[in-house]
Amino acid sequence: MAVYDQSYAGWEGTRTGRLRSVAALVRPDLAAPFRNVWILIVIIFAFVIVAAWMLFLLAVATQAARNPRIETLSKLFFAVGNNIYRLEFFNNFAFSMVLLVLSIAVGAPLVSRDLRHNALLMVLARPITRWDYVLAKFSTLVLFLLFVTLGPALLLFCGQLGM
C-alpha cells in the first residue's frame, strides 16, 4: 500500500476475547493509585500497623518462652489481638471512612483521566462495549480495595501462623 493511499484496511489479526480486553484496561489502571503520595502513605501505614503488631507479638512470645510466668500474658495478648482484628477492625467506623475516602480518591481519577486526555473516545472505538469499560474500571477499584484490606489481614494471619 502506498503512503498516499489512506483507504480503509480491514483487521487481519486474530481477535482476543472480551476478558482480555477488560484485562488490558485494568492492568495500567492498577498502577495509577500507587503514584499518588497520599494514597501510598495510607497503604504503607496499614501495613506498618500490622507489622508493628506482629513484632510486638513476637517479642511477647519470645519472652513467654523464656519465662513461664509470662505465658498466660502472651496467650491473653494473642486472644485480644485476634478479637480486636476480627471484631473491631472491619466493623470500625474509622476504617470504613478510610475505605470510603480511598475508594473516592482512587475511583474518581479512573474515568476522569480518560476524559481529560480524550482517551475515552479511543478506548470505546475498539471492539469493547461500554459495559466492558465500566467492568474494567470497577474491577480495578475492587482489586485495589482488596489489596488494601486483605493484604494486611493476610500478613497478620501468616505472621500468627508462624508463632
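In this text the structure is predicted, and so the values were computed from the model without any measurement.

Reading the values: the criteria
Residues numbered from 1 in each chain as written. Predicted model: local features only at pLDDT ≥ 70, side-chain atom pairs only at ≥ 80, totals over all residues. Heavy atoms only, no water. Helix = DSSP H or I, 4+ residues; strand = E, 2+ residues; numbered from the N terminus. Buried < 20%, exposed > 50% of the residue type's maximum accessible area, 1.4 Å probe, protein only. Contact = heavy atoms within 4.5 Å. Phe/Tyr/Trp six-rings, centres within 6.5 Å; stacked < 30°, edge-to-face > 60°. Axes fitted to C-alpha atoms, helices over the stretch in contact; angles between N-to-C directions. Parallel < 35°, antiparallel > 145°, perpendicular 65-115°, else oblique. Left-handed = near helix turned anticlockwise from the far one by under 90°. Nonpolar A, V, L, I, M, F, W, Y, C, P; charged D, E, K, R; others polar. pLDDT = per-residue confidence, 0-100. Core = buried A, V, L, I, M, F, W, Y, C linked by side-chain atoms within 4.5 Å. Expected span 1.5 Å × (residues − 1). Bend = angle between axes of the 7 residues up to and from the residue.

Undergrad: Got a minute to help me understand the overall build of the chain in this structure?
TA: A tally of regular secondary structure across the chain gives 6 helices and 0 strands. The order of α-helices and β-strands along the chain, N terminus first, is α-α-α-α-α-α. Going through the 163 residues of the chain one by one, you find that 27% of them count as buried. Across the chain, contacts joining residues at least 24 apart in sequence account for 76% of those joining residues at least 6 apart.

Undergrad: I would appreciate a short explanation of unusual backbone geometry in the present structure.
TA: Outside of glycine, negative phi angles account for most residues, and trans bonds account for most peptide bonds. The phi angle at Asn-118 is positive, at roughly 55°, despite the residue not being glycine. Residue placement: Asn-118 occurs in the loop between helix 4 (93–116) and helix 5 (119–125). Overall, the relative accessible area of 52% leaves Asn-118 in the exposed class.

Undergrad: How do you make sense of the packing of aromatic side chains when you look at a structure like this?
TA: Note on aromatic pairs: each is described by the distance of the centres and the angle between the planes. Applying the stated criterion across every chain yields a total of 4 aromatic pairs. Pairing Phe-47 with Phe-147 gives two aromatic rings, centres 5.6 Å apart and planes at 40°, and the pair type is tilted. With Phe-47 in helix 2 (residues 37–66) and Phe-147 in helix 6 (residues 130–161), the pair connects residues that are 100 residues apart, well separated along the chain. Judged by relative accessible area, which is 38%, Phe-147 ranks as partly exposed. Three or more aromatic residues joined by ring pairs make a cluster, and in this case those are Phe-34, Phe-47, Phe-144 and Phe-147.

Undergrad: Help me out: how do you make sense of the packing of helix 1 (residues 18–31) against helix 6 in this one?
TA: Packed helix pairs are characterised by how far apart their axes lie and by the angle those axes make with each other. Between helix 1 and helix 6, whose axes approach to 9 Å, the crossing angle comes to 45°. By the criterion of interaxial angle, the relationship of helix 1 to helix 6 is oblique. Between helix 1 and helix 6 the crossing geometry is right-handed. Note on element contacts: helix 6 touches helix 1 through Asp-132, Tyr-133, Leu-135, Ala-136, Lys-137, Ser-139, Thr-140, Leu-143 and Phe-144, opposite Arg-18, Val-22, Leu-25, Val-26, Asp-29 and Leu-30. Grouping the constituent residues of the contact of helix 1 with helix 6 by class yields 9 nonpolar, 2 polar and 4 charged.

Undergrad: Quick question: what am I supposed to make of the confidence of the model for the chain here?
TA: Caution applies to low-pLDDT regions: their predicted coordinates should not be interpreted in detail. Residues of the chain with pLDDT of at least 70 account for 90%, and the chain-wide mean is 81. At the level of individual helices and strands, the chain shows its lowest average pLDDT in helix 3 (residues 71–89), which scores 69, and its highest in helix 1, which scores 88.

Undergrad: Explain the nonpolar core to me, please; I cannot follow it from the model alone.
TA: Grouped burial of nonpolar side chains is what soluble globular proteins tend to show. Among the nonpolar cores identified, the biggest contains 10 residues, and these are Ile-39, Ile-43, Phe-95, Leu-99, Leu-102, Val-106, Leu-110, Leu-141, Phe-144 and Val-148. Listed by contribution, the elements that provide at least two residues to this core are helix 2, helix 4 and helix 6. Take this core: its biggest share by element is 5 residues, from helix 4. Those residues within four positions of Phe-144 in sequence are excluded, and the remaining contacts are Leu-30, Pro-33, Phe-34, Ile-39, Ile-43, Leu-102 and Val-106. Counting residues in hydrophobic clusters, the runner-up holds 8 residues, among them Leu-25, Val-26, Leu-120 and Ile-128.

Undergrad: Would you mind going over helix 6 with me for this structure?
TA: Given 3.6 residues to a turn, an α-helix orients residues that are three or four positions apart in the same direction. If you check helix 6, its first and last C-alpha atoms are 44 Å apart, about what 32 residues at 1.5 Å a residue would give, namely 46 Å. Along helix 6, the sharpest change in direction is near 35° and occurs at Leu-150; proline Pro-152 comes one to four residues later.

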